[in-house]
Amino acid sequence: MRIIFLQRNETVEYAAAELKKYLLRMSRGKINAEIFCEDISGEGIPEETIVLATLPELSLDTSDLFDAFVEDIIDIDVKNLSGYIAGSNPRSILMGVYKYCTSAGCRFFRPGEDGEYIPEADLRNHSYKYRKKADHPFRGECTEGAASYEHYRDAIYFLPKIGMNMFMIEGVVPYTYMHKWYGHVGNDKLRPKGQVTDYDMLESYTNLLEADIRKTGLQFHSLGHAWMFNKLGIRHASPMEEQAGIEALTAAQKKNIALVGGKRELIEESTFYTHFCYSNPEARKLLVDTLVEHLRAKPHIDFLHVWLADYMNNNCECENCITMQPSDWYVLLLNEIDEALTAMGFETRIVLIMYVDTVRPPVKLRLNNPKRFTLLAAIGLHYDKGYINEEYTGEIPEFVRNDFHPEPNALRLKWHREWKELCGNIPSMIFEYRFYTDMYCDIAQMQISRETYRDMRALESVSFQGCMTDRTPRMYLPTSLPFIMMGETLFDKSVDYDAVADTYFEGAFGQDGAKVRTYLEEMSRLLSPSSYRIGGGNGVEEGGLGDIEADNKAWINNPDVAKKASEIPMLTDSFVKTIERNIGTETDASRRLSWVYLRHHAEIVRSFAKMLLAGAENRLHDARLYEAELEEYITEHELELHNVLDVFLFQRNLRLKLDLPRAPYFN
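Residues numbered from 1 in each chain as written. Predicted model: local features only at pLDDT ≥ 70, side-chain atom pairs only at ≥ 80, totals over all residues. Heavy atoms only, no water.

The next subject is the environment of Asn409. Position of Asn409 among the secondary structure elements: in helix H10 (residues 409-422). A relative accessible area of 12% means that Asn409 is categorised as buried. In this structure the C-alpha to C-alpha distance between Asn409 and Asn389, which are 20 residues apart in sequence, comes to 9.5 Å. (Helix = DSSP H or I, 4+ residues; strand = E, 2+ residues; numbered from the N terminus. Buried < 20%, exposed > 50% of the residue type's maximum accessible area, 1.4 Å probe, protein only.)

Our focus in this paragraph is the pattern of salt bridges. With the rule as written, the count across this model stands at 51 salt bridges. Note that Glu521 is salt-bridged to Arg450, the shortest N-O span being 3.4 Å. Of this pair, Glu521 sits in helix H14 (residues 513-526) while Arg450 sits in helix H11 (residues 446-458), and the two are 71 residues apart along the sequence. On the basis of relative accessible area, Arg450 is assigned to the partly exposed category, the value being 38%. For the salt bridge of Arg581 with Asp512, the shortest nitrogen-to-oxygen distance reads 3.1 Å. Of this pair, Arg581 sits in helix H15 (residues 559-585) while Asp512 sits in the loop between helix H13 (497-509) and H14, and the two are 69 residues apart along the sequence. Residue Arg581 is classed as partly exposed on the basis of its relative accessible area of 39%. Linked through salt bridges whose partners overlap, the residues forming this network are Arg450, Asp498, Asp502, Arg517 and Glu521. (Salt bridge = Lys/Arg side-chain N within 4 Å of Asp/Glu carboxyl O.)

Turning our attention to H13. Relative to the 18 Å expected for 13 residues at 1.5 Å per residue, H13 spans 18 Å between its end C-alpha atoms, a close match to the ideal helical length. Among the residues of H13, Tyr497, Val500, Ala501, Tyr504, Phe505, Gly507, Ala508 and Phe509 are the ones counted as buried. Projected down its long axis, H13 shows its buried positions confined to an angular sector of 165°, all on one face. The N-cap of H13, judged by a side-chain oxygen 3.2 Å from the amide nitrogen of Asp498 a few residues on, is Asp496. (Expected span 1.5 Å × (residues − 1). Arc of directions from axis to C-beta. Polar contact = N/O pair within 3.5 Å; in protein donor to acceptor, adjacent residues only side chain to side chain.)

Here we take up H10. If you check H10, its first and last C-alpha atoms are 20 Å apart, about what 14 residues at 1.5 Å a residue would give, namely 20 Å. Of the surrounding elements, those touching the buried residues of H10 are helix H9 (326-344), strand S13 (349-354), strand S14 (373-377) and strand S15 (428-432). Immediately beyond the C-terminal end of H10, within one or two residues, lies Gly424, with a positive phi of roughly 75°. (Contact = heavy atoms within 4.5 Å.)

As a further point, take the packing of aromatic side chains. Aromatic ring pairs are defined here through the distance separating the ring centres and the angle between the ring planes. Counted by the stated rule, this structure contains 21 aromatic pairs. Between Tyr128 and Tyr130, the aromatic rings sit 5.9 Å apart at their centres with planes inclined by 10°, giving stacked as the arrangement. Ring geometry for Tyr519 versus Phe575: centroids 4.2 Å apart, planes at 15°, classification stacked. Of the two residues, Tyr519 sits in helix H14 while Phe575 sits in helix H15, which places them 56 residues apart along the sequence. Within the aromatic cluster, the residues linked to one another by ring pairs are Tyr504, Phe505, Phe509 and Trp595. Taking the ring centre of Tyr199 as reference, the NZ or CZ of Arg235 above it sits at 3.8 Å. Just above the ring of Phe483 sits the side chain of Arg471; from NZ or CZ to the centre is 3.6 Å. (Phe/Tyr/Trp six-rings, centres within 6.5 Å; stacked < 30°, edge-to-face > 60°. Lys NZ or Arg CZ within 6 Å of the ring centre and 35° of its normal.)

Looking now at unusual backbone geometry. For the bond from Leu477 to Pro478, the omega torsion is 10°, close enough to zero to count as cis. Among the structural elements, Pro478 can be located in the loop between strand S16 (466-470) and helix H12 (481-491). With a phi close to 65°, Ala226 is a non-glycine residue in the positive phi region. By secondary structure assignment, the location of Ala226 is in the loop between strand S11 (219-224) and helix H6 (239-247).

A few words on the nonpolar core. Note on soluble globular proteins: their nonpolar side chains tend to be buried together. Of all hydrophobic cores here, the largest spans 225 residues; its most connected members are Leu52, Tyr100, Ile604 and Phe650. In terms of residue count, the dominant contributor to this core is helix H16 (residues 589-616) (twelve residues). Contact partners of Tyr100, with chain neighbours within four places excluded, come to Leu19, Leu23, Ile50, Ile76, Val78, Leu81, Ile85, Leu123, His126 and Tyr128. Grouped together as the second largest cluster of nonpolar side chains are eleven residues, Leu6, Ile40, Ala53 and Leu55 included. (Core = buried A, V, L, I, M, F, W, Y, C linked by side-chain atoms within 4.5 Å.)

Below, the structure is given as structure tokens:
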């Protein structure tokens, strides 16, 4: 048979290669397709030929397509290896290839080649017809956690398999995140004393990731935090390098930095935490020039995220800055960036962020060119309650500079609607943190899967056009279901939760998959995340993200938690035999690995349950001993678990529960 694509494009050629690969594997070597690039207009599609093309190339319906780059439409009609897989853009064609393969029984349940099940299938007697426009145009993730190039690479190639379409690399180089892996922060068993991660090495890995993003056709989102000080000679790298740059700042350069408490100094000696003096035209020009230079070096960036300092109560207090609120100065800066990009001929879209003080909409200024902008709302919401479209009827609290307090959900959503309206009804997406550390509050991850399903279906009701999740790419223990549920539901909000879950467990675990689901459902019931969430409803310790209403020691001295935790050992002991039997009998390597991971998970749960029981009985000394026991296990086995468990973030979350010292986040 033949696979034909009509115009040369890196992503479409990759889609053709992927289709050939999976046809060969499903047919067990009987179908070895040839790939051609040729024009078949007017000829029709020959027998045993699958054509990969955009919708216009095949004169297919585009009446519901308004932005071909951002919006994804998949259109498939293949009967007995003859037909087409089409999309609104090259990325959508690649998604269509995976959709077709899934229809034939393939299961993509974890990133990497060891995370898929490929059945034997008679494709010459298989037909599939499907057309769907994604319900949300923004579906993807941002770098987070402790991760290597390979972890992020595998995440990128996994995204189109589960209906997601964007990847963000935060920072010029994501040093904060990649260093935590290569420096093995928090795991002294793997970290040589005094180790420093080489910035140039991570820069080369960043270039590789950008090439991977281009290959898959994903929307490429860039920057965020950690870029503002580059033209002052300070790049976000090792603490020693950053400190040397800080010490080299001249008095003239410091005039660009925010005046806080009577000083123009870096907050906590970090470029991550420090604002500029945005009323100073020279300071704003430095920022504009930095972004123009970044785009000249990387013109392939699709969305440029212009985020400011990652901290609270640190805005400039000079006599000029206090004449407007932070959001107004932000809009002024954004307009100047837009003007510079327009003058340079850049069509790159700009993403502005609602975060800390810029959660409040501007009072005086407006965006001059709304078509260039997309709004990102990093406002945090309560995951127990979900996204609720409720009217805010209270008074609007007066703005007090550098006296930030998180406001109620309803007010933050009101401000979100006002931001959009004041800026020409620009599109927006929520920036989520549930896959940062919240999944560790539900160690079985079944409740968080249901919450994710519920909330992704509700996004439209609260005026969002998608979600970017701030997540570690190492979050698949015991399963990948929460993240897959996010991708599937963002693409098609009509999907059935149970159908997605059942398909996942059968694909990942085989004939006993339903038993695994029952086991984990019961574990989530006993270890309900609402009992263990910390730092508010988001499971996030940074107060600037939203709710901080919950008692972060809700599980301490709690009889209900104690009763549930005491039942965990019996649950795990009763299921370990099933796990070990499948490890011994499963013939598919990827499924067997799923069972191996589940065996490690059972050991982790035992120590976790002992820690919770001791804390719930107010035996804090014992709880800290069991926490140390748990840390010993995960650090000892990190090299076996590194693809599915982020030891740095898990350890950080555990220690936060017990007020134990934690490795610095920006180390």
